[in-house]
Amino acid sequence: HVLTFDGARPSFYGDGEYWIVKNPSVKIQGRYMGTKWTLGLAATSKVAVSGPFIDNHLIEVEPMEKDFGGAILLDGVEVLNKFGTLKFSGARITYDDQGELVDEATSKWKKNIVHMDLPKGISMTVF
């Protein structure tokens, strides 16, 4: 699920990569693929963040369940493979089990939540 900064909830019904934000400073992309849990409907399988606002670093977040890759990458290198916080270029990434899930059906699983507090007042939470 995506909840945008302006309150929209876009849906992506097919597999593919889509821009969530694309401007000269901020680039956020999502990868969507069908899963056995969504009966083939597209679900977010990766989020990528980059751009000059974070010194052109690349943050990639996959669903933290090992079946989906289960990694947080910074410039292609795995970081935060256990709960903790990483700070760089005015950004903070926290991996923990704190937060509200967007779908109560997922509450039966252990929470693996990635919080990104980024420059320009941008924040993202990836479940």
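Residues numbered from 1 in each chain as written. Predicted model: local features only at pLDDT ≥ 70, side-chain atom pairs only at ≥ 80, totals over all residues. Heavy atoms only, no water.

Draft legend 1. Here's a closer look at the overall build of the chain. In terms of regular secondary structure, the chain is built from 0 helices and 10 strands. Helices (α) and strands (β) of the chain occur, in sequence order from the N terminus, as β-β-β-β-β-β-β-β-β-β. Within the chain, the proportion of its 127 residues that are buried is 38%. Counting only contacts in the chain whose residues sit at least 6 apart along the sequence, the fraction spanning at least 24 positions is 28%. Taken as a whole, the chain presents about 7,800 Å² of accessible surface, with 53% of it coming from carbon and sulfur. (Helix = DSSP H or I, 4+ residues; strand = E, 2+ residues; numbered from the N terminus. Buried < 20%, exposed > 50% of the residue type's maximum accessible area, 1.4 Å probe, protein only. Contact = heavy atoms within 4.5 Å. Areas by Shrake-Rupley, 256 points an atom, 1.4 Å probe, with all protein chains shown as cover.)

Draft legend 2. Seen up close, the packing of aromatic side chains. What the rule picks out here adds up to 2 aromatic pairs. A ring pair is formed by Tyr-18 and Tyr-32, whose centres lie 5.8 Å apart and whose planes are at 50°; its orientation type is tilted. Separated by 14 residues along the polypeptide, Tyr-18 in strand β1 (residues 16–22) and Tyr-32 in strand β2 (residues 27–34) bring together distant segments of the chain. The interplanar angle of 85° and the centroid separation of 4.8 Å between the aromatic rings of Phe-83 and Tyr-95 together place this pair among those described as edge-to-face. With a gap of 12 residues between them, Phe-83 in the loop between β6 (77–79) and β7 (84–88) and Tyr-95 in strand β8 (residues 91–96) connect regions that are remote in the sequence. Of the residues examined, Phe-83 reaches a relative accessible area of 37% and is grouped as partly exposed. Here Tyr-95 falls in the buried class, since its relative accessible area comes to 7%. (Phe/Tyr/Trp six-rings, centres within 6.5 Å; stacked < 30°, edge-to-face > 60°.)

That's the geometry; what it means functionally is another story.
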